[in-house]
Amino acid sequence: MSNLGLQAIYGFLNTREDSVCERVFWDKENSEKGALPLSVESQRPLADFAVLAFSLNYEIDFFNIVSILKASGIPHYSEQRDETQPLIIAGGPCTTANPLPVAPFFDCLCSGEAEALLPAILPVIGEGISGKRDDLLKELAKIPGIFVPRFPSAKPLVRQKMKNLDDYPVHSVVLTQDTELSDLYLVEVERGCAHNCRFCMVSSAFSPMRFHSLDSLVKQSENGLKFRKRIGLVGPAVTDHPQIEELFRSLLKMGSQISISSLRLTSLTPEIMHMLVQGGMRSVALAPEAGSERLRQTINKGISEAQILEAIRMTGNAGMQQLKLYFMIGLPGETDDDIQAIVDLALTGKKIIESKRGKTRLTLNIAPFVPKAGTAFQRLPMAPLDVLQNRIAVLKNRLSGQGIKINNESPQWSEVQAVLSRGDSRLAKALADIEKESLPDWRKAVENHQINTDFFAHQEWPPDFNLPWSIMEPSSR
Ligand code: SF4
């Protein structure tokens, strides 16, 4: 419920005369007790609906698709379904980058943004849903940005995007206590990112960077303050908004508390930091991604050590309670020296905070580099698991005793993510066999279907190797 994309689609469909949208959340525990998944609003089973639309945000979401369909008594392969069953659609960042690993489960998959796709899809579904399924699928396959695995087009799949974000303001439409960010009214500030970090799917799958206007953001926030005291500004680099300071000033003037989802450290100023603290923010996250200048250049991060240290200084001076620094390990060309550079940077940062008698707690979040479809690094390998484990151990050994907290993502699950990110449609058979989202079940399934996980996760692919997602338009691969 804190996913603004999902809320935007829910709001979009329910403001139209010709559609109604309900929500369903996968409740694994209930399902294990034999309960049928039901929609939140009308408590209907999923097989009753005309269309089921999945939002796939992370590769690990793929594990739930077959479980939900099985628990609902719906055949999980598209070719096993006909017009007596719901039309099953998927969208989101994963289907925009590489829909292949889950393609056999879906009747159609969307590449791009819902507001740009839905006006074209809805009339076709409205007209064809009670006719023959194959006829409907053939009509859907003609729509730009729609991939119908049973009737693939010979033309490349062109990602659909909005020109003017103000045409569809995106904000919370369902407010509930039953969610992570329950005290926030969320407002989308921007989409895409202009910084083109070579590992990042945001710049490849959502470019170009576009902003909602200051006027629209202020109006939405004004409305949001009727329901919540805090406005949560959402975007990949919120402080890149050209009028961010004016926006913060307007929010503070309205008596709003402020929270932001991300902060690009090059656009940080003491004034911005001061307003964030005034707006009640207690924790800030910055993403240097790599410890050394050399590696940051390799990944095109575009930030210098001086800028990182200055941002840490500002955070400490402003009296933030917590600073989280995000780093990746296993980046292409990384050496032991780059890991030491993370240690040195963290220790220097801690000293800077302490020199001002600051009380800011420092946390490092470490994630293995995972090659993603559509990015500049899509053909590069993920580091071997033993290298990643060793690097995590080095960071923990050298920093844990220094009062710096280290959180890390699991290298094993990152490997699963890499296989699903660069995988092809053979992966679907393995996903269909997995009963439980667990590493042993995953390993058994990929082994049974002779899937070479090393090839998908850990091998470099030569420039002439035909990418599994070659159906996408060239600018997206
Ligand atoms: S990592 Fe952040 S700054 Fe870089 S392209 Fe992605 S969203 Fe933009």
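Residues numbered from 1 in each chain as written. Predicted model: local features only at pLDDT ≥ 70, side-chain atom pairs only at ≥ 80, totals over all residues. Heavy atoms only, no water.

Draft legend 1. Examining the pairing of strand β8 (residues 230-234) more closely. Judged by how many residues are buried, β8 sits mostly within the fold: four of five residues are covered. Pairing of β8 with strand β9 (residues 257-260), which is carried by four bridges, proceeds in the parallel orientation. Bridge pairing in β9 places Arg230 opposite Gln257. You can see the chain leave β8, run along helix α9 (residues 244-253) and come back into β9, and the turn it takes is right-handed. (Buried < 20%, exposed > 50% of the residue type's maximum accessible area, 1.4 Å probe, protein only. Helix = DSSP H or I, 4+ residues; strand = E, 2+ residues; numbered from the N terminus. Pairing = 2+ DSSP bridges. Right-handed = clockwise from strand over helix to strand, strands pointing away.)

Draft legend 2. Molecular detail of the packing of aromatic side chains. Taken as a whole and assessed by the stated rule, the structure comprises 13 aromatic pairs. Look at Phe54 and Phe106: their rings are 5.6 Å apart centre to centre, the planes differ by 75 degrees, and that puts the pair in the edge-to-face class. Pair noted here: Phe54 is in strand β1 (residues 51-55) and Phe106 is in the loop between α4 (93-97) and β3 (108-110), with a separation of 52 residues, a long-range link. Grouping residues by exposure puts Phe54 and Phe106 together as buried. For the pair Trp461 and Phe465, a centre-to-centre distance of 4.8 Å together with 55 degrees between the ring planes defines the contact as tilted. Under the relative-accessibility criterion, Trp461 is labelled buried at 3%. For Phe465, a relative accessible area of 26% gives the class partly exposed. Among the aromatic residues, ring-to-ring pairing joins Phe455, Phe456, Trp461, Phe465 and Trp469 into one connected group. Over the ring of Tyr10 we find Arg23, and its NZ or CZ is 5.3 Å from the ring centre. The lysine or arginine in question, Arg422, covers the ring of Trp461, its NZ or CZ lying 3.8 Å from the ring centre. (Phe/Tyr/Trp six-rings, centres within 6.5 Å; stacked < 30°, edge-to-face > 60°. Lys NZ or Arg CZ within 6 Å of the ring centre and 35° of its normal.)

Draft legend 3. Seen up close, the sheet that holds β9. Strand order in the open sheet formed by three strands is β5-β8-β9, and the pairing between neighbours is parallel. Where the open sheet ends on each side, the last strands, each with one partner, are β5 (184-188) and β9. Direction aside, the axes of adjacent strands within the sheet are offset by 25 degrees on average. Here five bridges tie β5 to β8, and the two strands are oriented parallel to one another. Paired with Val187 across the bridge in β8 is Leu233. (Axes fitted to C-alpha atoms, helices over the stretch in contact; angles between N-to-C directions.)

Draft legend 4. The side chain of Thr95, seen in detail. Relative to the helices and strands, Thr95 is located in helix α4. Residue Thr95 is classed as buried on the basis of its relative accessible area of 1%. Beyond its immediate sequence surroundings of up to four residues, Thr95 is in contact with Leu56, Ala90, Leu109, Cys110 and Met472. (Contact = heavy atoms within 4.5 Å.)

Draft legend 5. Geometry of the site of the ligand. All residues in the neighbourhood of the ligand are listed as Cys193, His195, Asn196, Cys197, Phe199, Cys200, Ser203, Pro236, Arg264 and Lys301. Of the residues assigned to the shell around the ligand, the class counts are five nonpolar, three polar and two charged. (Near = heavy atom within 4 Å. Nonpolar A, V, L, I, M, F, W, Y, C, P; charged D, E, K, R; others polar.)

Draft legend 6. The nonpolar core, seen in detail. Of all hydrophobic cores here, the largest spans 103 residues; its most connected members are Phe54, Phe105, Phe106, Leu233 and Leu364. It is helix α13 (residues 336-355) that contributes the most residues to this core, seven residues altogether. Counting only domains with at least three residues in this core, you end up with domain 1 (4-147) and domain 2 (163-280). Sequence-distant contacts of Phe106, defined by excluding residues within four places in its chain, comprise Phe54, Leu56, Ile65, Ser78, Arg81, Ile88, Ile89, Ala90 and Pro149. Listed in part, the 14 residues of the second largest apolar core include Cys108, Leu137, Leu140 and Ala141. (Core = buried A, V, L, I, M, F, W, Y, C linked by side-chain atoms within 4.5 Å. Domains from an automatic or database assignment.)

Draft legend 7. Highlighting the domain arrangement of the protein chain. For the protein chain, the domain assignment lists domain 1 (4-147) and domain 2 (163-280). The centre of domain 1, based on its C-alpha atoms, is set 28 Å off from the matching centre of domain 2. Taken together, the contact between domain 1 and domain 2 spans 14 residues of the former and 15 residues of the latter. Approximately 1,200 Å² of surface area, both sides summed, lies buried where domain 1 meets domain 2, with 68% of it carried by carbon and sulfur atoms. Looking only at domain 1, the three residues that lose the most surface to domain 2 are Leu4, Gln7 and Glu113, adding up to 47% of its buried area. The tally of links between domain 1 and domain 2 comes to three salt bridges. Among the ionic pairs, Arg210 bridges to Glu113, the shortest N-O distance being 2.7 Å. A per-element tally of the side of domain 1 that touches domain 2 places helix α1 (residues 4-14) first, with six residues. For the side of domain 1 that touches domain 2, the class distribution of residues is eight nonpolar, three polar and three charged. (Buried area = accessible area lost by both parts, 1.4 Å probe. Salt bridge = Lys/Arg side-chain N within 4 Å of Asp/Glu carboxyl O.)

Draft legend 8. Examining helix α5 (residues 114-128) more closely. Helix length check: α5 (15 residues) gives 20 Å between terminal C-alpha atoms against 21 Å at 1.5 Å per residue, within 8%. Bending of α5 peaks at approximately 30 degrees at the position of Ile121, with proline Pro123 no more than four residues after it. Those residues of α5 that fall on the buried side of the exposure criterion are Glu115, Leu117, Leu118, Ile121, Leu122, Ile125 and Gly128. (Expected span 1.5 Å × (residues − 1). Bend = angle between axes of the 7 residues up to and from the residue.)

Draft legend 9. Up close: the sheet that holds β1. One open sheet accounts for four strands, arranged β1-β2-β3-β4; its pairing is mixed. Both edges of this open sheet fall to β1 and β4 (146-147), since each of them pairs with a single strand only.

Draft legend 10. Seen up close, the pairing of strand β11 (residues 322-329). In terms of burial, β11 is a largely internal element, six of the eight residues being buried. Examined bridge by bridge, strand β10 (residues 283-289) and β11 share five bridges and lie parallel to one another. Bridging from a neighbouring strand, Leu286 pairs with Leu325 of β11. Two elements, β11 and strand β12 (residues 361-368), share eight bridges in a ladder whose sense is parallel.

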